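Letter by letter, the chains look like this.
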Amino acid sequence: MTNDTSGGTRNTTQKKTSRCIPKEETGLYDLYEKYPGSDGAGVKIAVMDTGCDLRAAGLSGTTSDGTTPKYIDFVDCTGDGDVPMNETAEFDYATKSAVEGLSGRTLRLGEWAEHVSELKLGAARLYELLPRGVLRRVKRERKEAFLTKHRTLTSETQASLDRLRSGKGDGADGDGDDEKRTKELELLLEQLNAAAEAYEDHGPLLDIVMFEIDDVWKVAIDLEADGDLTKVVPMAPFGRARQVGELGFGAHVSFCVQVYDEGNTLSVVTDAGSHGTHVAGIAAAYFPSDSSEDEGRPEGDDPNGAAPGAQILALKIGDGRLGSAETGTGLIRGLIAAKKHGCDLINLSYGEPSWQPDRGRVSEVFAKAVNEWGMTVFASAGNDGPALSSLGSPGSVTAPVTVGAYVSPAMMVEQYSTLPPVDEDDGKEDPPHLEGASYYFSSRGPTPDGYLPDVCGPGGAIAPIPRHALQGKAQYDGTSMSSPNVCGVAACVLSAARQGGLNDWGPAELKRALINTARPPEGVREPLSQGSGLVSALDCAEYLLAHRGKPGQDVALDVSVPSRNGARGIYLRDEAELDGPLDFSVKVLPRFDHANPRTPSEVDQLLSLELDLLLKSSEGWVTCPERMTLLSAKERRGQTFSVRLNTRGLKPGVHYASVDAVCASDPARGKLFSLPVTVVVPHSRFLAGKSEFSLNDKEHISLEENGIDYSTVYHLRQGVPNRRFLTVPAEAEWATIKIKSGPSAPADSSPRILLHAVPFVRGDLHNRECQLKKIVQIKSGVEDEFHVPVKAGSCLEVCLQLLWLANPAPASVQAVVEFHSLNARSPTLVSSQPIAITPAAEYARLGAGTPLRAEQINPACSLKSVIRTLRPREFDIKLGSSERDAEPPSDAELASHPDAAPSRIYELRTRYDFAIEGDKAVKVRPCFPSLFRQLYDSPLDSQLWSLEDGDARVLAYGSSMDHAKPTSLRKGNYTVNLLLRHPNRTNLEAMKDVPCEVSFALESALTCKVYDKLDVASTPNVKEDRRVPLQKKVLPKGAHQDIYVSRPTNDLPAWVAPGDVFEGSLALDKDKEGVTSMKVVYVAPPKSCAKDAKKKEKPGPAEKKDTVEDVVFKAKLGYMAGLRKDAALYRETAAKLKEERPSSIPLFSELLSFSLQSPVPADETDEDKWRAREVERVYEAILKENGGPVDAPSLAQYFGLNEPDKDELDEDAEAKDLDEEMKEQRDVLKKILLARATLAGSIADKDASESQGLDRAVKEAKKWVSADNLKGEEDKIKLSIALARHARICQGRKASAISILLKARKDRSGKGLKALDEELVKTYDACEGMGYLSENLKEGIHCRFPVLKRSV
C-alpha cells in the first residue's frame, strides 16, 4: 500500500483503510494479505505505561481469534495501590455475620463468608486510587452535590428565621424565648456559611476484607463506604479469575486486585491516566465486526490496533502518587513481570532527560531484558524536538528499538483536518501538496555521544481511552503513539514469521530486520529523527525468514569510538573540532549472552563466528576501509578499524553519514552494524572575512557591524525544521534572540512557530538543562525577544519550525542573535558553585566586565528560602517482595542451570525528623540533591520519599526527577521517609546516611544589598553614612565593575538555626534575570548573645533551695506515680504522704493524674463515671474548707487585683514566694475543674439525664478556666469540647456548639484535633439535615488521622 501524497487521502482502492490507527504507512495490509492471520496472533506485548482500563472499548474482550483473552494480566509495578493487610480478625459467620472494619464501620458480610474463619482487614482512601484527572472531576461533582444540599439547608434555616422574625413561628423548636431562638438561628446561618467556606473533600475511606479459600485469596471492598458487603462479589487476583470491579462515587474507574507477600500486601490496581489505554489500543485493540463500534463507520474502515491478534500485559509504571511519573521501581518491576509472563515485546512510551545514556541501574536492567531475557523493547524517542540532541532516555539507551514520530499526508487530513498547502507561485504546473514529515516535537539525535533513533512510525492515532474519561476514544499524538504502532507492527511480523516456520528468534535479529527493511518515508527525510526510516511490515517479515540462521544474524554488535569516551557514534558539533584530528578508531564488539560456565555449544558459537564484512560509507566526506573480518573478539575485547572525515567542502548546517558493515558474501542481509557520523558546520564559519552569506534565493545570514552579532532570514515550510548554527564568541554568557516577520512575509500573515535553541551539547549535559523553547505568534511589525545562556566557543543551534498541522502555509521569519557578557558567571553552563556569604563574612565579592559590548547592570539580590540538611534518625534494610522484586537469571543461565536462583532486590528505608516552629504556616519541600534528576542513569533502582505529619498522614510524595510541589505546614513535628532500592545490600549500607535537604520558603524574601565599595559592604549594619547601593548603570565596552553582595540586615526568622543556609539569587540585571542570575547562599551564623558590659544586672533574691525533706518527699511522689496500676498500694501510700504534707500541691496534682490515667477496677462498668468520682474526691480534698490547701476565695481575690510586676517580685522574696504559691494552687485547680467538666461532658453525652452535672461542672470551670489561660493545646481542645457539649446538651444551643467547635478547629493544633472533629460529627448528627456535613467531616478524619499507615 502506498500513500497518495498529492491529495493526502487514503487509496480507496484498498479493501481496508485505517483512519484511526494508521496501517497503510507501515505496509501492514500488505503483510495481512500475504500472510493471512499475521495480526500478532500468539504474540505477547507488555505495555509499560500508566496502566490500562480493563473495560475500555476494543480491549475488554478477546484477541482477533474470538477466544484468547486480550489481557494477560494487569500489574501495578509502582506500589501506589498497595494496601497493608496485617490486621487479622477471627470470624464465625454462624455466630456473627458482621465485623468491625478499620474505618470503625460495622461491616455486614454476605453468604460468601459462611466458611471463612479468619479475615484480614485493610482500608484504602478512594482518592488515593484515582487518576488525577478523574480525581479532579469527582471532587468537582461531589462539591456541586455538597453545595446543593448546603444551599437547601441554608434556605430552610433562613425561612425559619424569617418566620420567627415575622411572629409566625410555632415555638415547636424551643422554649418559647423568641429572642434566644432568633440569635441561635442567626448564629446557625453564620456557621453554615463558615462550614461552606471551610469545605474540604478528602474522599471516602473504603474498608477491605480479605480471606483465603482453597489457596486463593479473595478480596471484598466496601465500594460504597456504607458497610454493606452482603451483595459484594469477592474478587480473586485478575490472573486467576479475570474479575474486574469499578470504583464508585462517580469515578467509573475499573480495577482489579493482586495479592503478594503471603497475603500481607493487597494491590488494588487502577490506571494512573488515559495514556496507557491509548497506547495499548494502538498496539493491539480489537473490535469484533458485530460490535457497536461498527455503527456509523465507513465501509472498509479498520478501527483495530496494529496487532489485534496480540495479547496485552498491562504494567503500570506510572506512579499515581507522583502524578503518573515513572520510577525506577516501576520500570524494573515491569521488566521482571514481562519476563515472568513470557512476553515477546515490550512497549515503553515514557521518558526523561538523561545525563549518561547506557549507564545506571535502570538502563542496565533494560539491557538485561533485551540481551539476557530475550525480549525486544520499543521506546519512544521523546517529544522534545525539533532541535538536535534532544533525545532522552530510554530512547537514548542502546538496547531498545527507539522510535521517532512520522505523520503522513493522509494522517494530516484525517486526524488534523489540515488545510491544503498554499501555492506560493500561482500558475505553477505542479501545485503544492502535503508532504509527510517527522512531527515537529519528535526528539532528534544525535545524543552527545552520537546515537540516533532507530526507526520511525505513525505518531498520531484515534484510539480507545479509559471509560472514566467519559469518552470512548481520543486523538493523541507524540512518539508515545509511534512506538506502540511499531511495536504492533513487530508483533504482526513475528506472527507472520511463525507461519513461515521461524519460532526461535532474538531481539538482535528482530531489531536488525526492522532497521534494514525500514524505508525512507515519503516527503521530508530526516535521519536524525527518523533513523533508518519508516518500518515496513512485509519487508521485515520476509527479511527475518530469508536470513534466519545465518552467521551472526542473532548477535548484537556494539560499536564505539574509544578516543571519544566510548561514544556510540562520531558527533562533531563545535567549530574547534573541525580543525582538530579527524581520524577516529572504531571498535566493534560482538555481544553474547552465555551461561557461567559456558556450555559446549556456547563455546562453539564463539569459535565459529567469522564474518567477512564490507565497510561502506554513505557519503564521500567519510572514508573507511573496504572490509574487515569480524571474530568473536573475546581476546582483545573488540576489533577496530579507522575512519577519516574530510569536512572542508561541507556546506553550513548539519550533515549526516554512516559507515555500514554488510556481509561480503550476502549483501542482501543489509547492514550488520552501523557507525553514525554527524557533523555540524556552523553558519558563522562562512562569514569569516565577509558580512553576508547567501544560503539560497530566500535565505541568508549576515554578520552585524560589531562583528559578533548575526542576522538571518528563515524561509519556513511545512514539516521542515530550519536550523542556524553559530559559534559563540569568546567570553559570551548569553544570547538575545529577536524574532520578527521576514522581509518577504505578507503583511496579513501571522504564523505560529516554535523557537528551539540549544547552546551546548558536550559531556553529559542534556538539553533540558540549558535550552530555550518558545512558541511564538509572528505578527507584522512586532519583534519578540528571548534570552538563552551560552558557552563561549560552543555551537549554538537556533532552530525554527512552522507549527503547521492546521495550516501549512509557508512563512518568512527574520532572527537577530546578539551575544552578551558580564564576564561574571562560571564558565560552565550548569555549575554547583554559588556565591557564598559565610557566617563570619559580611559580604561576598565578584567582578563584572563587558568584553563584547556595553551592557546594563541593574543588580538585585534576595534570599527566598532556608535550606536545612538532615541526617537520618534511623534506617532499615530488608528484602523486597519475593514476587515482584526478584530478577530472573538470564535465558542462557536457566538453560544451563534450570534451578538457578533469581537475584533479590533490597530496600533501604531511612527516616528524617524536623519541626515547624512559630504560628505561621511555612511552605516546605524535601529533596535528596545527591540523587536528584537521575532515573534511567541513576546508580540506584529508584528513590521515593514521603512527607508525613505527627499523625502519620502522608502530605506529599516525591521522587528523583521533578521537584514536588511545596507543602504548607503548620507548627508541629514532621517526618520524611526515604526508600532506596538496589540488588547489592552493601551499596545500600553505604547510603544509610544519605542527607536530606529540606527547603523552607521564607514568607518575605530577605534583601541583600549590592554595593560597589568594600568598606560599605563589610559593614552592612551601618546606616548613618548615607551609603547608596549599586544603581542601574551602563558599563561601556571593556569596562570592569567590582560588586559586593552584603549579608541581609533584616532580622532572621527566629526558627532559623546556626548552620541553616539561606538560598537565593543575584541578578546582575534584574531586567534579564533568566540569564544574568547566579545562585547566592548565606550560612546562618550563631545567634547573637552579646551584652553591654556597662549595664549591671540587678541581683535578685537568692534562689530558694530544696531541703533534704523536700527532696525525699519528691522522691516519694515519683515512687508513688509508679504504683498507679496497683490501686490499693497507691491509695495506702497516698494516705501516708497526705498525712506527712496535707498541703502539698504536687501531691494533689499526682492524685489527679491517678484519677485520669490509672486502670479502671474490673467491677466498674462505666469508666467515665468512675473517673468523675475519683476527680471529685480530689476536688473536694483540695479545698480549704475540707482541710486542703486551696482557698478559692483567696485565690480569686489575689488574682482579681493587678498582679505585681517582675521587678517588684525580684525585690521582695516573700512576695515572690506568695506569687509562686498562688499560681501553683490556681494551676492545679484549673486542671481539676477542667477534668471535672470534661468527664461530666462525656457522661452527659451518653446519658442526657446527667446534664445537671455537666451544667454545674462547666459553670464552675468557667470561673477559672479559659482558652487564654491554658497553656497546652490539648487542654484548650478539651475545654472547647466541654463548652460545646454544655451548649448542645444543657442549653439546647446546637448552633453555639458548632460555633465553638469550628472556632477551635481554626485556632487549635496538636493531637487533640481528632477528638475535636469527632465531637463536631456528633453535633452535626444531632442536627436535622446536617448528615452531609457529618459525612464530609468523617472522611476528613479518616484522611487526617489515618487508621492505616501508607508511606513508602
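Note that the coordinates shown come from a computational prediction; the quantities given were computed from them, not determined experimentally.

The rules behind the values
- Residues numbered from 1 in each chain as written.
- Predicted model: local features only at pLDDT ≥ 70, side-chain atom pairs only at ≥ 80, totals over all residues.
- Heavy atoms only, no water.
- Helix = DSSP H or I, 4+ residues; strand = E, 2+ residues; numbered from the N terminus.
- Rg over C-alpha atoms; globule rule 2.2 N^0.38 Å.
- Buried < 20%, exposed > 50% of the residue type's maximum accessible area, 1.4 Å probe, protein only.
- Contact = heavy atoms within 4.5 Å.
- Phe/Tyr/Trp six-rings, centres within 6.5 Å; stacked < 30°, edge-to-face > 60°.
- Lys NZ or Arg CZ within 6 Å of the ring centre and 35° of its normal.
- 1 Å grid on protein atoms, 1.4 Å probe; cavity = no way out; pocket = protein on both sides within 12 Å on 5 of 7 lines; lining within 4 Å.
- Points joined across faces, edges and corners; volume = space filled by probe spheres on them.
- Nonpolar A, V, L, I, M, F, W, Y, C, P; charged D, E, K, R; others polar.
- Pairing = 2+ DSSP bridges.
- Axes fitted to C-alpha atoms, helices over the stretch in contact; angles between N-to-C directions.
- Salt bridge = Lys/Arg side-chain N within 4 Å of Asp/Glu carboxyl O.
- Core = buried A, V, L, I, M, F, W, Y, C linked by side-chain atoms within 4.5 Å.
- Expected span 1.5 Å × (residues − 1).
- Polar contact = N/O pair within 3.5 Å; in protein donor to acceptor, adjacent residues only side chain to side chain.

## Let's talk about the overall build of the chain
- Scanning the chain from terminus to terminus reveals 30 helices and 61 strands.
- For the chain, whose C-alpha radius of gyration is 38 Å, the value lies close to the compact-globule estimate of 34 Å for 1352 residues.
- For the chain, the C-alpha atoms occupy an extent of roughly 115 × 90 × 75 Å along the three principal directions.
- Counting every position in the chain, which comprises 1352 residues, the buried fraction comes to 54%.
- In the chain, 75% of the contacts between residues at least 6 apart in sequence involve partners at least 24 apart.

## Quick notes on the packing of aromatic side chains
- Taken as a whole and assessed by the stated rule, the structure comprises 20 aromatic pairs.
- Taken together through their ring pairs, the aromatic side chains of Tyr416, Tyr439, Tyr440 and Phe441 make up a single cluster.
- Across from the ring centre of Tyr1011, 5.9 Å away, lies the NZ or CZ of Arg1027, which sits over that ring.

## Quick notes on empty space enclosed by the protein
- Under the definition given, this model contains four cavities of 30 Å³ or more.
- The calculated volume of the largest cavity comes to roughly 170 Å³.
- Breaking the lining of the largest cavity down by element, the ones donating at least two residues are helix H28 (1294–1307) and helix H30 (1331–1344).
- The element contributing the most residues to the lining of the largest cavity is H30, with five residues.
- Partitioned by chemical class, the residues of the lining of the largest cavity number eight nonpolar, three polar and three charged.
- In this structure, the second largest cavity spans a volume of roughly 110 Å³.
- Residue lining of the second largest cavity: 14 residues in total, with Ser354, Ser389, Leu391, Pro448 and His766 positioned closest to the centre.
- Split into classes, the residues belonging to the lining of the second largest cavity amount to six nonpolar, seven polar and one charged.

## Some points on the sheet that holds strand S60 (residues 1061–1067)
- Reading across from one edge, S43-S61-S60-S46-S56-S51-S54 is the order of the seven strands in this open sheet, with mixed pairing throughout. Each end of this open sheet is capped by a strand with a single partner; those strands are strand S43 (835–837) and strand S54 (967–969). Averaged over all pairs of adjacent strands, the angle between their axes in this sheet comes to 35 degrees, without regard to strand direction.

## Quick look at the pattern of salt bridges
- One pass over the structure, following the stated rule, counts 89 salt bridges.
- Between Glu699 and Arg724 there is a salt bridge, with the nearest N and O atoms lying 3.3 Å from each other. Taken together, the residues Glu699 in the loop between strand S33 (692–694) and strand S34 (700–703) and Arg724 in strand S36 (residues 722–727) connect sequence positions 25 residues apart.
- By relative accessible area, which is 2% here, Arg724 ends up buried.
- In this structure, Glu907 and Arg909 form a salt bridge, with 2.9 Å as the shortest nitrogen-oxygen distance.
- Residue class for Glu907 comes out buried when judged on its relative accessible area of 7%.

## Section: the nonpolar core
- Leu31, Ile45, Leu345 and Phe378 are the most contacted members of the largest nonpolar core, which has 64 residues in total.
- No other element matches helix H9 (residues 479–499), which puts 11 residues into this core.
- Those residues in contact with Leu31, other than ones at most four positions away along the chain, are Ser38, Cys492, Val493, Ala496, Ala537, Leu538 and Ala541.
- Grouped together as the second largest cluster of nonpolar side chains are 55 residues, Ile916, Trp945, Cys996 and Phe1062 included.

## Some remarks on helix H21 (residues 1145–1157)
- Here H21 is 13 residues long and its end C-alpha atoms lie 18 Å apart, about the 18 Å a rise of 1.5 Å per residue gives.
- Taken together, the buried positions of H21 are Ile1145, Leu1147, Phe1148, Glu1150, Leu1151, Leu1152, Phe1154 and Ser1155.
- Lining the buried residues of H21 we find helix H19 (1108–1121), helix H20 (1127–1140), helix H22 (1167–1182) and helix H25 (1213–1246).

## Brief notes about H19
- The end-to-end C-alpha distance of H19 is 20 Å, a good match for the 20 Å that 14 residues give at a rise of 1.5 Å each.
- Contacts from the buried residues of H19 go to H20 and H21.

## Brief notes about the pairing of strand S59 (residues 1040–1046)
- In terms of burial, S59 is largely enclosed, as five of its seven residues are buried.
- Here strand S44 (residues 843–849) runs beside S59; their pairing, made up of seven bridges, is antiparallel. Residue pairing in the sheet places Ala844 in a bridge with Val1045 of S59.
- As defined by bridge partners, strand S57 (residues 1010–1011) adjoins S59 across two bridges and the pair is classed as antiparallel. From the neighbouring strand, Val1010 faces S59, where its bridge partner is Val1045.

## Thoughts on the side chain of Asp301
- Of note, Asp301 is situated in the loop between helix H5 (275–284) and strand S14 (311–316).
- For Asp301, a relative accessible area of 7% gives the class buried.
- Separated by 3.2 Å, the side chain of Asp301 and the backbone nitrogen of Arg19 make a polar contact.
- Among residues more than four places away in sequence, those in contact with Asp301 are Thr17, Ser18 and Arg19.

## A look at the sheet that holds strand S6 (residues 106–109)
- The three strands lie next to each other as S5-S6-S10, forming an open sheet whose pairing is mixed. Two strands in the sheet have a free side with no partner beyond their single neighbour: strand S5 (98–100) and strand S10 (228–229).
- The pairing of S5 with S6 spans three bridges and is antiparallel. If you follow Val99 over to S6, its bridge partner there is Leu107.

## A word on unusual backbone geometry
- Gly385 connects to Pro386 through a cis peptide bond whose omega is 10 degrees.
- Considering the arrangement of structural elements, one finds Pro386 in the loop between strand S18 (376–380) and strand S19 (401–407).
- Omega for the peptide link from Ser393 to Pro394 comes to 5 degrees, which places this bond in the cis form.
- As for its placement among the helices and strands, Pro394 is situated in the loop between S18 and S19.
- Unlike most non-glycine residues, Asp215 shows phi in positive territory, near 65 degrees.
- Position of Asp215 among the secondary structure elements: in the loop between strand S8 (205–213) and strand S9 (216–221).
- Backbone geometry at His252 places phi at a positive 60 degrees, although glycine is not the residue there.
- Here His252 is to be found in the loop between strand S11 (245–247) and strand S12 (253–260).
- Assessed through its relative accessible area of 32%, His252 is described here as partly exposed.

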